[in-house]
Amino acid sequence: MLAGLGLAGCGGDDTTRFVDRPVEVVVGDDPVSEGREVFRFETFGNERFWTDFMQLPQGIAQAEVTPLTALSLGLNVNVEALSPGTAAALLDALAMIEDGANPQDTILSNPQVTLALINEGAVIGVVPFAADGSRKPLGSDADFNANDSLDLARGDKVGVTCALCHARTDDSVVPAGFAGPGSVGVQVDGVVAEGIDVGNIFAASANPLAYLPLLQLEFDALDGATIGNGDFTGIPSDGTIDDLNQVAREYLTGVNEETGIRYYPVTSFDATPDGIGNATYVPPFFRTDLAAPWGHSGSFARLNDFNNLVYTVALDPTSLLTDEGKAFLNVLAGPVGDEITQRYQQILEDSGVLSSGMALDDQVPLVDSETTGIAAGDPTGPVGVRVSDDKLDALKAYTDQLESPAAPQGLDAEMVAAGEAIFRNSRPEGANCAACHTPNPNDPVANIIVSITTLYRDYEDDLLVLLERDDPLSNVQTTLAGPTPDYDNTLVVLDASVRQQQRGFSKPLLLGLADKDEFLHNGSVKGEDAAEALNNLFNPARGEDEMGNPVNSPHPFYFPRSVADETPATEEGRAALVEYLLSRTTL
C-alpha cells in the first residue's frame, strides 16, 4: 500500500486531515496582482504537452479554424490584449456586418486571424510561447512585434491556463450569441465560460489520444466494460493510432442518439484520470474563500492541493507515467489503474511523441514542478510532484477576492423576499433549502459532503462493485439503478474517502446563477435559461415518469413535494424561489 493517498495523519503530517475551512496562506507583497498573472498566463510548462503531445495548435491550423468557429466553440477573446492593427481590423469587420455584410465575407472567416489572435495572447486561457521558451508579449504590449507570427515550425508553442474555462468577457465588443457562446470584450475572471466546448476543442488536436487517461476507455481488465454517458463503447486497446484518434474524437464530440446528450457535455471538464467518461460542469472560481471542499466529489480539503492536481495531471497527464503516478493509479483502481498507465505509455510511443529508446524519467513529466518525490497519493502532490507554492498561494489570493456577478436587473423585490422565506424555512409544501445550503450568500458553504444516497436514493439498489478496496477507501463501484445511473460517474474511482469522508458531493456556491442554463454537477437539469432550468430543478414533475409513477431523480427536493400537491400558490412559490436564487450575490 502507498504512504499517503490523502489519508489523515499519513507520514505524520497533520495538514492532510479534513479541516473545517481551508488554512490561511501567507503570500507576497502584492498577491492579488501576482495571482492574476498566474490565473491568466501561468502554464507551468504545459505548452510542451499541448503543442508536442496533443498537438492542439497544429490541429487548429490544419482544420483552418476561423474566428467564427472559435466563437462557436465558446472561446473568448480579450479585446485588451489585441494589437492596434488587429483591433482596428476587427472593428472594421463588425462595422461591415452592421451595414449588412455576411460575417463569412469578413476577416472573421479567415483562419489566419485565429492564429493571429492566439499569437497575440488574446484568446482567453490560451498562451503563446516563443521558441526560446519565453511567453510572447500580448498584442497590446509595447514590445509586441507586429511582424511576428505563431510559427510552430520554428518552435513556438501554445499552453493552456485555468482561464480557459473560468473566465469570459463582458460582451462589450462581440456578445455571446453572435456566433455561439464565445464573446469578445474585456476579460472577466472567475466566472464560468458558459458554453465552452472543451470536447470539440480537444478533438481539434492532431493527437487527442495524448489525453487518454482522461478519456472514456474500454477496459480489458474489466472484460471490455466501459463507464460513461450514454451508449459510447469506449476507446479500445487495439487499433492503429489514426483509428484510435478517430474513436477519441467520437467520444469528445459525439452525441447519444437516444437521449441527445453529449458524451463530453458542453461547459464541462474531466479532471479525473480514471478512464471513465465523467466530465462535470465547470464550477465558478470567484470568492473561493467561501467554498470547500474541492472537486465535485470533495476529494480535496484545500484549494491549493486541488489546483496542483489540475496543473500536474489534468493539464499535463504525462505525470501519470512517473513511478508515483503509476502507484497512485494502482492504489486507486488496481489492475484498471495499471492498464491505464500501460496503455498510455504505449499510445505515446506509438504516436511518436515518446521515445522507446530513451529513459522514461528523462521525458516525463513535462510540467515544471518545484517539489518532487512526494509520496504517491499525498494530497499535496498525488502523482509525486507539486508546482510552485508561492504561485498557488497567489492564485488563491486572487480568486478569493474575485466578486460574484451582480444580480440581474429587473428582479421583482417582493418575489425575491418571498423566495428567500421559502429557501430559509421549513414548510409543509417542501423546500427548506437552508437545511443544506448557506442562507447568507456572504457566508462560507458548509464544508461537508452530502451522501450520494441522499442525492440519489436508488444508488444502493443495484450496485456493481468493480474493485474492493481496503478501508478507509470506498470500493470502486457504480450504480445500475434508477432513472439516471450515470449520476455517480465522477465518484466511481476518486471520492472523498481518500480523506476519510463519505462518498457523495460537495456543496456548490449558490452565486451568479443567472448565466447558467444547466444544474447539478453533470448538468442534467436543463432549461432555455437559468430561470427555466431552476424551475425544472424544483418542479415535482421531475420526480415522476411519463406514466405518473414516482421515480428517484437526482437531487429529489421539490417545491411542492409532489405533483399531487401542486396548486397555483405552489407554482407562484416556486417562481419566487427561483427569483431569489437568481438574486444571490456577495456584498
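Worth saying up front: this structure is predicted, and the values here are computed from it rather than measured.

Bringing the overall build of the chain into the picture now. When you go through the chain residue by residue, the secondary structure sums to 16 helices and 18 strands. A globule of 587 residues ought to have a C-alpha radius of gyration of about 25 Å, and the chain, at 24 Å, matches this closely. Along the longest, intermediate and shortest principal axes, the C-alpha atoms of the chain span 70 × 65 × 50 Å. Within the span of the chain, comprising 587 residues, buried residues form 56% of the whole. For the chain, the exposed surface amounts to about 23,300 Å²; the carbon and sulfur share of it is 49%.

Looking now at the side chain of D393. With respect to the helices, strands and loops of the structure, D393 is situated in helix α12 (residues 389–401). R386 provides the closest opposite charge to the buried, unpaired D393, separated from it by 6.1 Å. Separated by 2.7 Å, the side chains of D393 and N304 make a polar contact.

Our focus in this paragraph is the nonpolar core. F49, W50, F202, Y211, I235, F269 and Y311 are the most contacted members of the largest nonpolar core, which has 124 residues in total. The element contributing the most residues to this core is helix α11 (residues 323–350), with 9 residues. The contact partners of F49, leaving out residues within four places of it in the chain, are M54, Q55, A210, Y211, L315, D316, P317, T318, Y344 and L366. Counting residues in each nonpolar core, the second largest holds 28 residues, with L510, V525, A533 and L577 among its members.

A few words on the packing of aromatic side chains. The relation between two aromatic rings is expressed through the spacing of the ring centres and the mutual angle of the planes. Following the criterion strictly, the structure yields 18 aromatic pairs and no others. Taken together, a centroid distance of 5.7 Å and an interplanar angle of 40° make the contact between Y456 and Y487 tilted. Taken together, the residues span a long stretch of sequence, with Y456 in the loop between α14 (452–455) and β14 (463–467) and Y487 in the loop between β15 (476–479) and β16 (504–506) at a distance of 31 residues. Of the residues examined, Y487 reaches a relative accessible area of 3% and is grouped as buried. Every member of this aromatic cluster is reached through a ring pair, and the members are F49, W50, F53, F202, Y211 and F269. Here R135 stacks its cationic end above the ring of F41, 4.1 Å away from the centre of that ring. In this structure, K516 packs its charged tip against the face of F519, placed 5.1 Å from the ring centre.

Further remarks concern the environment of I448. Mapped onto the elements of the fold, I448 is located in the loop between β12 (430–431) and β13 (449–451). With sequence-adjacent residues up to four places away left out, I448 is seen in contact with P293, F505, S506 and K507.

Quick look at the pattern of salt bridges now. Across all of its chains, the model carries 22 salt bridges by this definition. Across the pair R40 and D189 runs a salt bridge, and its minimum N-O distance is 2.8 Å. In this pair, R40 sits in helix α1 (residues 31–41) while D189 sits in strand β6 (residues 187–189), placing the two residues 149 residues apart along the sequence. Accessibility expressed as a relative area gives 8% for D189, which makes it buried. Two residues, R503 and D495, come together in a salt bridge whose shortest N-O distance is 2.6 Å. With respect to class, R503 is no different from D495; both count as buried. Residues participating in the shared-partner salt-bridge network are K136, D148, R154 and D156.

Here the focus is the confidence of the model for the chain. When pLDDT is averaged along the chain, the result is 93; 95% of the residues meet or exceed 70. Low pLDDT, under 50, characterises residues 1–27; the stretch is placed with 67 contacts to residues that sit more than four places away or in other chains.

Within the fold, S474 resides in the loop between β14 and β15. A distance of 2.6 Å separates a polar atom in the side chain of S474 from a polar atom in the side chain of D495. Among residues more than four places away in sequence, those in contact with S474 are R469, D495, S497 and R503.

Between its first and last C-alpha, helix α16 (residues 568–583) extends 23 Å over 16 residues, near the 22 Å set by a 1.5 Å rise per residue. Of the residues making up α16, those classed as buried are T570, G573, R574, A576, L577, V578, E579, Y580, L581, L582 and S583. In the core, the buried residues of α16 are packed alongside α13 (413–424) and α15 (530–538).

Two elements in contact, helix α10 (residues 303–314) and α12, have axes separated by 10 Å at closest approach and are oriented at 115°. By the angle between their axes, α10 is roughly perpendicular relative to α12. The crossing of α10 and α12 is right-handed. Residues L303, N304, N307, N308 and Y311 of α10 pack against L392, D393, L395, K396 and T399 of α12. Considering only residue class, the contact of α10 with α12 consists of 4 nonpolar, 4 polar and 2 charged.

Bringing the packing of α15 against α16 into the picture now. Two numbers describe how α15 lies on α16: the axes approach to 9 Å, and their chain directions differ by 125°. Accordingly, the angle class assigned to the pair α15 and α16 is oblique. At the point where α15 passes α16, the crossing takes the right-handed sense. In contact with A530, A531, L534, N535 and F538 of α15, α16 contributes R574, L577, V578, L581 and L582. Taken together, the residues of the contact of α15 with α16 sort by class into 8 nonpolar, 1 polar and 1 charged.

Reading the values: rules and limits
Residues numbered from 1 in each chain as written. Predicted model: local features only at pLDDT ≥ 70, side-chain atom pairs only at ≥ 80, totals over all residues. Heavy atoms only, no water. Helix = DSSP H or I, 4+ residues; strand = E, 2+ residues; numbered from the N terminus. Rg over C-alpha atoms; globule rule 2.2 N^0.38 Å. Buried < 20%, exposed > 50% of the residue type's maximum accessible area, 1.4 Å probe, protein only. Areas by Shrake-Rupley, 256 points an atom, 1.4 Å probe, with all protein chains shown as cover. Lys, Arg positive; Asp, Glu negative; His and termini not counted. Salt bridge = Lys/Arg side-chain N within 4 Å of Asp/Glu carboxyl O. Polar contact = N/O pair within 3.5 Å; in protein donor to acceptor, adjacent residues only side chain to side chain. Core = buried A, V, L, I, M, F, W, Y, C linked by side-chain atoms within 4.5 Å. Contact = heavy atoms within 4.5 Å. Phe/Tyr/Trp six-rings, centres within 6.5 Å; stacked < 30°, edge-to-face > 60°. Lys NZ or Arg CZ within 6 Å of the ring centre and 35° of its normal. pLDDT = per-residue confidence, 0-100. Expected span 1.5 Å × (residues − 1). Axes fitted to C-alpha atoms, helices over the stretch in contact; angles between N-to-C directions. Parallel < 35°, antiparallel > 145°, perpendicular 65-115°, else oblique. Left-handed = near helix turned anticlockwise from the far one by under 90°. Nonpolar A, V, L, I, M, F, W, Y, C, P; charged D, E, K, R; others polar.

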